[in-house]
Amino acid sequence: MISLSAVSFCSFSSEPTQLDWQDLKPAQVENQMVLPELSYQQKMILQQILTLSQFDDPETKKDLLELKATLKADGLNADGLLKLRAEYIQNEQRVAQAVTSDFDGQNVKIPGFLVPIEFSAPLVATEFLLVPTAGACIHLPPPAANQIVRVSYPQGYEVDTVQYPVWVEGVISSNLKTDNVYLVDGDADVTMGYQLNASSVVDYHE
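Things to note about the overall build of the chain
Line of reasoning, step 1. When helices and strands are tallied, the chain shows 3 helices and 6 strands.
Line of reasoning, step 2. The buried share among the 206 residues of the chain stands at 38%.
Line of reasoning, step 3. Of the contacts made within the chain by residues no fewer than 6 positions apart, 69% connect residues no fewer than 24 positions apart.
Line of reasoning, step 4. For the chain, the exposed area adds up to about 12,200 Å²; of that, 51% sits on carbon and sulfur atoms.

In structure tokens, the structure reads:
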């Protein structure tokens, strides 16, 4: 997997603001929860409890009680740990979906890898997702919402490969939205943090 980190540059009034992907993450937002340290064996038992809790037959209930008793002997409350896990996941989701409006309405320039979702011709993308990592959203879970920019480029960009980065310039706005989009490996619900109306899309090394 290829990842891209932009170098920060000074911007001038006549030039677009050059952004790094870290700029799209609100600095003050982070998951404050800390999960307790568990051994590998304890994690496996907790995973078994989580799986078995989906069933309601007497034999499963018996197995659940035994597994919970094993953790209790280690001074651990299985139900409390699972509740804490659920809260941690919810917090992680909130962090992932936190966006900044600091650049709304600004003309910006940002490097990234494109994931085409609409074409005007077989290889000409007019709508695509811009992400910091090559191959993101394809055969892999999508990045955090604040690391996905939906780009509209009616002029179209001829896609030779999605393995090489591009520079995208245009007006950006924060716009947290979940859409069902078509990717090369099928439809997927993707939550995007930003919208960008592009005026230019060029190869990163051009």
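So, the side chain of Asp179
Line of reasoning, step 1. Positionally, Asp179 belongs in strand E5 (residues 166-183).
Line of reasoning, step 2. Once residues lying within four places of it in the same chain are set aside, the contact partners of Asp179 are Arg150, Ala188, Asp189, Val190 and Met192.

With respect to the pairing of strand E4 (residues 149-158)
Line of reasoning, step 1. Buried residues dominate E4, accounting for 7 of its 10 residues.
Line of reasoning, step 2. The pairing of strand E3 (residues 124-131) with E4 spans 6 bridges and is antiparallel. Each residue of the ladder has a partner; that of Phe128, found in E4, is Val151.

Describing the nonpolar core
Line of reasoning, step 1. Ranked by size, the top nonpolar core spans 22 residues in total, and within it Leu24, Phe128, Leu130 and Val168 carry the most contacts.
Line of reasoning, step 2. Going through the elements one at a time, strand E2 (107-121), E3, E4, E5 and strand E6 (186-203) are the ones with two or more residues in this core.
Line of reasoning, step 3. Other than its neighbours up to four places away in sequence, Leu24 contacts Leu19, Ala98, Thr100, Phe103, Ile110, Asn146, Gln147, Val149, Ile172 and Tyr194.

Section: the pattern of salt bridges
Opposite charge on two side chains permits pairing when their charged atoms draw close.
Line of reasoning, step 1. For the structure on display, the rule yields 6 salt bridges.
Line of reasoning, step 2. Across the salt bridge formed by Arg150 and Glu118, the nearest N and O atoms sit 3.7 Å from each other. Taken as a pair, Arg150 in strand E4 and Glu118 in strand E2 lie far apart in primary sequence, 32 residues in all.
Line of reasoning, step 3. The exposure class of Glu118 is partly exposed, given its relative accessible area of 40%.
Line of reasoning, step 4. Within the structure, one salt-bridge network assembled from shared partners comprises Glu118, Glu127, Arg150, Lys177 and Asp179.

Points about the packing of helix H1 (residues 40-52) against helix H2 (residues 58-73)
Line of reasoning, step 1. Between H1 and H2, whose axes approach to 10 Å, the crossing angle comes to 155 degrees. With respect to H2, the element H1 is oriented roughly antiparallel. For the pair H1 and H2, the crossing hand works out as left-handed. Every residue of H2 that contacts H1 at Gln42, Ile45, Leu46, Gln48, Ile49 and Leu52 is listed here: Thr60, Asp63, Leu64, Leu67, Lys68, Thr70 and Leu71.
Line of reasoning, step 2. Of the residues that constitute the contact of H1 with H2, the class distribution is 7 nonpolar, 4 polar and 2 charged.

A look at the environment of Tyr88
Line of reasoning, step 1. Structurally, Tyr88 can be placed in helix H3 (residues 78-96).
Line of reasoning, step 2. For the pair Tyr88 and Val34, spaced 54 residues apart in the sequence, the C-alpha separation amounts to 8.0 Å.

Some thoughts on H3
Line of reasoning, step 1. Helix length check: H3 (19 residues) gives 27 Å between terminal C-alpha atoms against 27 Å at 1.5 Å per residue, within 8%.
Line of reasoning, step 2. Of the positions making up H3, those classed as buried are Ala78, Leu81, Leu82 and Asn91.
Line of reasoning, step 3. In this structure Asn77 caps H3, since a side-chain oxygen of it lies 3.1 Å from the backbone nitrogen of Asp79.

Quick look at the confidence of the model for the chain
Line of reasoning, step 1. Chain-level pLDDT for the chain is 86 on average; 86% of the residues reach the 70-or-more range.
Line of reasoning, step 2. Taken together, the stretch residues 5-13 has pLDDT below 50 and engages in 7 contacts with residues farther than four places along the chain or on a different chain.

Re the packing of aromatic side chains
The geometry of an aromatic ring pair is captured by the separation of the ring centres together with the interplanar angle, meaning the angle of the planes.
Line of reasoning, step 1. Applying the stated criterion to the full structure yields 1 aromatic pair.
Line of reasoning, step 2. Aromatic side chains Trp167 and Tyr204 sit 5.2 Å apart centroid to centroid with 20 degrees between the ring planes, which places their arrangement in the stacked category. Linking Trp167 in strand E5 with Tyr204 in the segment after E6, this pair joins segments that are 37 residues apart in sequence.
Line of reasoning, step 3. Looking at Trp167, the relative accessible area reads 12%, which means it is buried.
Line of reasoning, step 4. The ring centre of Trp167 lies 4.8 Å from the NZ or CZ of Lys109, which sits over that ring.

Parameters and conventions
- Residues numbered from 1 in each chain as written.
- Predicted model: local features only at pLDDT ≥ 70, side-chain atom pairs only at ≥ 80, totals over all residues.
- Heavy atoms only, no water.
- Helix = DSSP H or I, 4+ residues; strand = E, 2+ residues; numbered from the N terminus.
- Buried < 20%, exposed > 50% of the residue type's maximum accessible area, 1.4 Å probe, protein only.
- Contact = heavy atoms within 4.5 Å.
- Areas by Shrake-Rupley, 256 points an atom, 1.4 Å probe, with all protein chains shown as cover.
- Pairing = 2+ DSSP bridges.
- Core = buried A, V, L, I, M, F, W, Y, C linked by side-chain atoms within 4.5 Å.
- Salt bridge = Lys/Arg side-chain N within 4 Å of Asp/Glu carboxyl O.
- Axes fitted to C-alpha atoms, helices over the stretch in contact; angles between N-to-C directions.
- Parallel < 35°, antiparallel > 145°, perpendicular 65-115°, else oblique.
- Left-handed = near helix turned anticlockwise from the far one by under 90°.
- Nonpolar A, V, L, I, M, F, W, Y, C, P; charged D, E, K, R; others polar.
- Expected span 1.5 Å × (residues − 1).
- Polar contact = N/O pair within 3.5 Å; in protein donor to acceptor, adjacent residues only side chain to side chain.
- pLDDT = per-residue confidence, 0-100.
- Phe/Tyr/Trp six-rings, centres within 6.5 Å; stacked < 30°, edge-to-face > 60°.
- Lys NZ or Arg CZ within 6 Å of the ring centre and 35° of its normal.

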